[in-house]
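The chain contents come next:
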Amino acid sequence: MMLNGHTALVTGSTQGIGLAIAQALARAGADVILHGIEDDTEGRAAADRVAALGGVRCAYVRADLAQVDEAVGLLAAASEELRAPDILINNAGIQHTCPIESFPLERWDAILAVNLSAAFLAMQAALPAMRARGWGRIVNIASVHGLVASVNKAAYLAAKHGLVGLSKGVALETATQGITVNCICPGWTDTAIIQPQIEARARQFGGDRQAGIRDLLQEKQPNLSLLPPERIGDVAVFLCSDAAAGITGVALPVDGGWTAQ
Ligand SMILES: NC(=O)c1ccc[n+]([C@@H]2O[C@H](COP(=O)([O-])OP(=O)(O)OC[C@H]3O[C@@H](n4cnc5c(N)ncnc54)[C@H](O)[C@@H]3O)[C@@H](O)[C@H]2O)c1
């Protein structure tokens, strides 16, 4: 299989896009360290289910990435569980929507910590082993909101635009060393993070959830359907493959046409 012999760490991978990426990497033959905020029993059960998909080894590390000491320690903890990853997927992320004047500082700090600073810290810690090996793949899950804006997303926009810029810089710093650093920029994808926005939109249609989803899609996403998380998993595997060895510093929209408008 195409990623045999490689070890991936995927942050925020017990559900949603992160889980789909972990599953796709395991199916491609990589050993996978899952990460989350669930306790060890729950996390290891998730890792066992992913391992069964690819006949690969999987482990689990718990770390609250809003806590800087836990974010700093993530790579060491993951390496101890299995081995130093040569594939790093920074996927964990949170969202809060609110007009700028009332945006709570505590939410701003948490979003910057989880969506941006944790990726910086994980890359910093992962790169020495990748450089030593002369091979590495970093895929950062940004968003269409790393490329374009929408209202009421101040912290998320700052974090995701920051992640795109950070990734380009690290791509340049590692370009001669067999390491690629890219972002995937998903549009509306069917996971937990967008449920509050769907519910808010549904309230405008008397609580009709499907009408809320349709309205959100019509506003921004030309393919008019929520992306299954598996679409992002497949693209992440591609960016980790030899076929993508020449692609670095790219922010790749997987967005049903959102950013083509
Ligand atoms: N779903 C979408 O429409 C969409 C669109 C663009 C980008 N994204 C991005 O995709 C990534 C994955 O999100 P998702 O859609 O799967 O949503 P999700 O809510 O299902 O997953 C978020 C993940 O982040 C983890 N996480 C949250 N807070 C954490 C913390 N303090 N410490 C450690 N981990 C934490 C969660 O455990 C979870 O696994 C995020 O970075 C998100 O911004 C999602």
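Residues numbered from 1 in each chain as written. Predicted model: local features only at pLDDT ≥ 70, side-chain atom pairs only at ≥ 80, totals over all residues. Heavy atoms only, no water.

1. Considerations on the domain arrangement of the chain
Item 1. For the chain, the domain assignment lists domain 1 (7-187 + 228-253) and domain 2 (192-226).
Item 2. Centre-to-centre separation of domain 1 and domain 2, based on C-alpha positions: 26 Å.
Item 3. Regarding the contact of domain 1 and domain 2, the summed buried area is about 480 Å², with carbon and sulfur atoms giving 49% of it.
Item 4. The interface formed by domain 1 and domain 2 holds zero salt bridges in total.
Item 5. Counting every contact that joins domain 1 to domain 2 gives two residue pairs in polar contact (both at pLDDT 80 or more). (Domains from an automatic or database assignment. Buried area = accessible area lost by both parts, 1.4 Å probe. Salt bridge = Lys/Arg side-chain N within 4 Å of Asp/Glu carboxyl O. Polar contact = N/O pair within 3.5 Å; in protein donor to acceptor, adjacent residues only side chain to side chain.)

2. Some points on the site of the ligand
Item 1. Lining the immediate environment of the ligand, one finds 28 residues, of which Ile17, Asn91, Tyr156, Thr189 and Thr191 sit closest.
Item 2. Here a nitrogen atom of the ligand sits 2.8 Å away from a polar atom, N or O, in the main chain of Leu65.
Item 3. Between the ligand and Asn91 there is a distance of 2.7 Å, counted from an oxygen atom to a backbone nitrogen or oxygen.
Item 4. Contact with the protein chains covers 92% of the free accessible surface of the ligand, which is 820 Å².
Item 5. Along the lines of polarity and charge, the residues of the shell around the ligand split into 16 nonpolar, 10 polar and two charged.
Item 6. Of the residues that make up the shell around the ligand, three or more belong to each of domain 1 (7-187 + 228-253) and domain 2 (192-226). (Near = heavy atom within 4 Å. Areas by Shrake-Rupley, 256 points an atom, 1.4 Å probe, with all protein chains shown as cover. Nonpolar A, V, L, I, M, F, W, Y, C, P; charged D, E, K, R; others polar.)

3. Let's talk about the pattern of salt bridges
Item 1. One pass over the full model with this rule turns up eight salt bridges.
Item 2. A salt bridge links Glu219 to Arg201; the nearest nitrogen and oxygen atoms lie 3.2 Å apart. In this pair, Glu219 is assigned in helix α7 (residues 209-220) and Arg201 in helix α6 (residues 195-203), connecting sequence segments 18 residues apart.
Item 3. Classification of Glu219 as partly exposed rests on a relative accessible area of 46%.
Item 4. Among the salt bridges present, the one from Arg231 reaches Asp234, with a minimum N-O distance of 3.1 Å. Taken together, the residues Arg231 and Asp234, both in helix α8 (residues 229-240) and three residues apart, mark about one turn of the helix.
Item 5. Counted as one network, the salt bridges with shared partners bring together Arg201, Asp215 and Glu219. (Helix = DSSP H or I, 4+ residues; strand = E, 2+ residues; numbered from the N terminus. Buried < 20%, exposed > 50% of the residue type's maximum accessible area, 1.4 Å probe, protein only.)

4. Structural notes on the packing of helix α4 (residues 105-133) against helix α5 (residues 154-174)
Item 1. One way to put it is that α4 packs onto α5 with a least axis distance of 8 Å and a crossing angle of 15°. One element, α4, and the other, α5, form an angle in the roughly parallel class. Where α4 crosses over α5, the handedness of that crossing is right-handed. Taken together, the residues of α5 that come into contact with α4 (itself represented by Trp108, Ile111, Leu112, Asn115, Leu116, Ala119, Phe120, Met123, Leu127 and Arg131) are Ala154, Ala155, Tyr156, Ala158, Ala159, Lys160, Gly162, Leu163, Leu166, Val170, Glu173 and Thr174. (Axes fitted to C-alpha atoms, helices over the stretch in contact; angles between N-to-C directions. Parallel < 35°, antiparallel > 145°, perpendicular 65-115°, else oblique. Left-handed = near helix turned anticlockwise from the far one by under 90°. Contact = heavy atoms within 4.5 Å.)

5. Here we look at the sheet that holds strand β3 (residues 58-62)
Item 1. Across the sheet, seven strands lie side by side as β3-β2-β1-β4-β5-β6-β7; this open sheet has parallel pairing. Each edge of the open sheet is held by one strand with a lone partner, namely β3 and β7 (251-254). If you compare each strand with its neighbour and ignore which way they point, the axes differ by 20° on average.
Item 2. On the sheet, helix α1 (residues 16-27) packs against β1 (7-10), β2 (31-36), β4 (87-90), β5 (136-141) and β6 (179-186) and is oriented at approximately 175° with respect to β1.
Item 3. Where α4 meets the sheet, it contacts β4, β5 and β6, and its direction lies at approximately 175° from that of β4. (Pairing = 2+ DSSP bridges.)

6. With respect to the nonpolar core
Item 1. Grouped together as the largest cluster of nonpolar side chains are 34 residues, with contacts concentrated most on Ile21, Leu25, Leu34, Ile89 and Ile184.
Item 2. Within the residue set of this core, elements represented by two or more residues are β1, α1, β2, α2 (40-54), β3, β4, β5 and α8. (Core = buried A, V, L, I, M, F, W, Y, C linked by side-chain atoms within 4.5 Å.)

7. Regarding α2
Item 1. Over its 15 residues, α2 runs 22 Å from end to end, which matches the ideal 21 Å to within 8%, given 1.5 Å per residue.
Item 2. Every buried residue belonging to α2 is among Gly43, Ala46, Ala47, Val50, Ala51 and Gly54, and all of these are buried. Buried residues of α2, viewed axially, fall in a sector of 140°; they line one side. Projecting away from the buried face of α2 at angles above 90 degrees are the exposed residues Thr41, Asp48, Arg49 and Ala52.
Item 3. Buried residues in α2 make contact with α1, β2 and β3.
Item 4. Capping the start of α2, Asp39 holds a side-chain oxygen 3.2 Å from the backbone nitrogen of Thr41, two or three residues further along.
Item 5. Just past α2, the residue Gly55 takes up positive phi, approximately 60°. (Expected span 1.5 Å × (residues − 1). Arc of directions from axis to C-beta.)

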